[in-house]
Amino acid sequence: MTAVMSPPVTPVPPPVRRVGRRGGIAPPWLFAAPALLVYALVMLYPSIVGAGSAFTDWSGVGEQRSFVGLANFKQLLHDDQALGALRNTLFLTVAIVVVQNGLGLLLALGVHTTIKSRMVLRVIFFAPVVVSPVMVSFLWKYVYNPAPDAGLNAALNAVGLGSLRQDWLGNPSLAIWSVAFTVIWQCAGYSMVIFLAGLEGVPQELHESAMVDGAGTVARFRHITWPLLAPAVTINVMLSTVGGLTLFTQIIAMTNGGPGYATDTLSTVLYKQAFVFGKFGYSTAVALVLAIFVAAVSFIQIGYLRSRETAA
Amino acid sequence: MASVIERPVSRRRLLQLMGGAAAVGTLAACGGKSSGGGGGQLKIIGAGSQEAGLRKALEEYKAKNADFDYNLSFSPADQLQTALRAQLAAGNAPDLHAVYPGNGSAMSMVQLSKANLLADLSDQAWTQKIPSGFKGAFQQDGKTRIFSPGTSVLGVIYNKKAFATAGVQPPTTWSELLTVCETLKKKGIVPLALGAQTPWVTQLINYALVPGTVYAKQPDFDDKMAAGSATFAGSGWADAMNKYLELQKRGFFNDNPNGTTYEQATSMVGTGKAAMVVQVSAVLQAYREAAPSPDDIGMFPLPATDNVADNWIPGGIVVGIAVSAKSKKADQGRKFIEFCGRPDVVNAWAEAVACVPLYSDGEAKVDPVLKPFLPFLADNKAVPFMDQRWPNAEVQPTHFAVVQELLGGKTTVDGALKKMDEAYRKRA
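What counts and how
- Residues numbered from 1 in each chain as written.
- Chains lettered and ligands numbered in written order.
- Predicted model: local features only at pLDDT ≥ 70, side-chain atom pairs only at ≥ 80, totals over all residues.
- Heavy atoms only, no water.
- Helix = DSSP H or I, 4+ residues; strand = E, 2+ residues; numbered from the N terminus.
- Buried < 20%, exposed > 50% of the residue type's maximum accessible area, 1.4 Å probe, protein only.
- Contact = heavy atoms within 4.5 Å.
- Areas by Shrake-Rupley, 256 points an atom, 1.4 Å probe, with all protein chains shown as cover.
- UniProt positions renumbered as here; feature names shortened; annotations may be inferred.
- Salt bridge = Lys/Arg side-chain N within 4 Å of Asp/Glu carboxyl O.
- Polar contact = N/O pair within 3.5 Å; in protein donor to acceptor, adjacent residues only side chain to side chain.
- Nonpolar A, V, L, I, M, F, W, Y, C, P; charged D, E, K, R; others polar.
- Pairing = 2+ DSSP bridges.
- Axes fitted to C-alpha atoms, helices over the stretch in contact; angles between N-to-C directions.
- Parallel < 35°, antiparallel > 145°, perpendicular 65-115°, else oblique.
- Left-handed = near helix turned anticlockwise from the far one by under 90°.
- pLDDT = per-residue confidence, 0-100.
- Domains from an automatic or database assignment.
- Buried area = accessible area lost by both parts, 1.4 Å probe.

Asks: Even after reading the chapter, I still don't get the overall build of chain B, so can you show me in this structure?
Replies: The helix and strand inventory of chain B stands at 18 helices and 13 strands. Within chain B, the proportion of its 428 residues that are buried is 57%. Counting contacts in chain B only where the partners sit at least 6 residues apart, residues at least 24 apart contribute 75% of the total. Approximately 17300 Å² of chain B is accessible, and the part contributed by carbon and sulfur atoms is 52%.

Asks: I tried to follow the UniProt feature "domain: ABC transmembrane type-1" (unreviewed entry) in chain A on my own but got confused; where do I start?
Replies: As recorded in UniProt, the feature "domain: ABC transmembrane type-1" (unreviewed entry) lies at residues 86-301 of chain A. End C-alpha to end C-alpha, residues 86-301 of chain A measures 19 Å, and it is 72% helix and 0% strand.

Asks: Explain the interface of chain B and chain A here, please?
Replies: Counting residues at the interface gives 39 residues for chain B, matched by 38 residues for chain A. Seen at the junction of chain B and chain A, the total is one salt bridge. At the junction of chain B with chain A, the criterion picks out eight residue pairs in polar contact (both at pLDDT 80 or more). Elements with a contribution of two residues or more to the side of chain B that touches chain A: helix H2 (11-30), helix H4 (77-90), helix H5 (109-114) and helix H17 (395-407) of chain B. A breakdown of the residues in the side of chain B that touches chain A according to their chemical character gives 15 nonpolar, 14 polar and 10 charged.

Asks: What's the story with the sheet that holds strand E2 (residues 70-75) of chain B in this structure? I'm lost.
Replies: All names here are of chain B. Spatial strand order, E2-E1-E3-E11: four strands in an open sheet with mixed pairing. A single partner strand is all that each edge strand has here, and the edge strands are E2 and strand E11 (320-323). Each adjacent strand pair in this sheet contributes to an overall mean axis angle of 25 degrees, direction not counted. Relative to strand E3 (residues 96-99), strand E1 (residues 42-47) runs parallel, the two sharing two bridges. Note that in E3 the partner of Ile44 across the bridge is Leu96.

Asks: Looking at this model, I keep getting lost on the packing of helix H11 (residues 237-249) of chain B against helix H18 (residues 413-425) of chain B. Mind explaining?
Replies: For any two helices packed against each other, one specifies the inter-axial angle together with the distance between the axes. Residues and elements named next belong to chain B. Orientation of H11 relative to H18, taken along the N-to-C sense of each, is 130 degrees, at an axis distance of 10 Å. Viewed along their axes, H11 and H18 adopt a mutual orientation that is oblique. When you trace H11 past H18, the crossing you get is right-handed. Mapping the contact onto sequence places Trp237, Ala238, Met241, Asn242 and Leu245 in H11 and Val413, Ala416, Leu417 and Met420 in H18. For the contact of H11 with H18, the class distribution of residues is eight nonpolar, one polar and no charged.

Asks: Is there a simple way to explain the confidence of the model for chain A in this structure?
Replies: The predicted coordinates of low-pLDDT regions are not to be read in fine detail. Per-chain confidence: chain A averages 89 in pLDDT, with 92% of residues scoring 70 or above. Mean pLDDT values for the elements of chain A range from 89 in helix H13 (residues 280-311) of chain A up to 96 in helix H7 (residues 175-200) of chain A.

Asks: What should I look at first to understand the domain arrangement of chain B in this one?
Replies: All names here are of chain B. What the domain assignment lists for chain B is domain 1 (42-149 + 318-359) and domain 2 (152-316 + 382-425). Summarising the inter-unit geometry, the C-alpha centres of domain 1 and domain 2 are found 27 Å apart. Facing the 18 residues of domain 1 at the interface are 16 residues of domain 2. Of the roughly 1200 Å² buried between domain 1 and domain 2, counting both surfaces, carbon and sulfur atoms make up 52%. Viewed at the interface, domain 2 and domain 1 are joined by four residue pairs in polar contact (both at pLDDT 80 or more). A breakdown of the residues in the side of domain 1 that touches domain 2 according to their chemical character gives nine nonpolar, eight polar and one charged.

This is the structure we're talking about:
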């Protein structure tokens, strides 16, 4: 019987797995290719082509357009309406980031308790988020009706505060506050939900041991809850900043940028330049500057907030 | 099929297939740049203020052409310049759409004609009947680009019952107007409703005043502005704006006009809570519907000065309709426009929207409430709406904004007119 000798088996080395920077397994980047291709076609390509319009005098319709170099950007530096809109945009952004997130945090702390109605309250506070911003704007436009017998003014009358009646959207000094309040009213529930998710991740043991050590409510919030909420703060601040800098729907629906230019933002200015004034080239220049501005603010912000998370 | 299944698919091949599918899907989504509606329908977007007339003309045309089909929708004035313009920019404009006569707006005949977006209608018979004074509203470079049923006038729409309650009559001079307002105010009736939160409403009082304060003295004011030898700030526009503010300072408007909308102002006059509103005749129907009886509503010219001879009126061609030059159904659209230009259709349309017909064939019926305006039209004392001769689309929105600022106490008459002059001098 002839012994059948098997050829010696060459040991096959296990496949080399690429290791990512953070030590995990890096998936082949080509998996992302289809999505990247779609993204390039529907986002990058139109954006790049659109950005080219910023260097022309195109009206937005027809084929006539001439290359004007940086003229649109130079005009932007001397455009009182755009500079006023930039001030309004920054004001709204700061107001929304601070108040919306402050309120969202308070609401989250309020419903992160053992009270029986906490689930109902969560739904109530989150409900405005799922309503269309246009609907919310029309609702509040009704609430802000300047007639003494309508909306908020009627409510003030009913509780004996008739002297506080205002022309909420018609007074140029007050209109921007009214718009900011509406946005905060709608979006505070969104911040609440993110903070709530963060609060759910704070280990109860830490609180219990701190209580044993005699820490009060404020001290526990300051030294345990707040540092561990850092990721939620990052997300909320980022989202509300970008939302504030690009605020458009509520302004157009409630005031159309008025009275005068009192509530114009960079987004409404670029919209009006394109579709009302027929200056698509200049509008694109404003849009380009806004996009770069938002990206720069976001980049700086995320750098700072991430470092805060690491420190926490 | 089998070969495909059995063939081993490399990673590169898989990605090629997926990428190709994604590209095809995306391109398919971006396509469909049909300039016409589907199913042989003529897609039409009209101005809300012309709804009654356009609908009537379409129904009559369809009754005579059984195979004619259309898809009709309307846009309020504020959305015409945005939604419709976006469609024009995207190349999917409706076959027929609303266009403002003359120049001065991003959706005006001149601006769209310059972009070659409007079909030429010059060979149609009705174009020969356009009065010479109004040709600039219809024609660019000698070619007719829009159809409009006629002239709308701007004046004071008033509630007759409120006037009767206060025992006052329509005034014929500025001083008389102030006296009427004072009397109404003492009776607890708001003299003038003003819904200045709606941007286009802000301009109307100035438009009603400047024919008297500017054009009666300088009929060639627009030419001088175009030549650079006149300015808003150095003209009777300042007088008009001061009068506008005088009405506010004397408490003749409703409270908080900047927070009040056009619809709220309409309701105030219809119900008699307010006695008057400065408006175009094209919206008369809305006031009639808001009043208990249509006969409660009347109209008279706004007297801008104390010299009756100087009290001219604004009377402009109403928003028209044009055929998209890129429409695949342009011939069908042009046939409908030709039908609209017939005398009986012009008259019916004009009657439906309370305007004076474009031309008269002797049978034209003019809404009785417009009769006080007809002598002004006959005597050439009517001035086209001012924006129709402004050189770019920025002056009019600037006018809206500065009036809101004036009413809100955020600027002065000089500051407001300076901004308008700056906007006027910008390139077209």
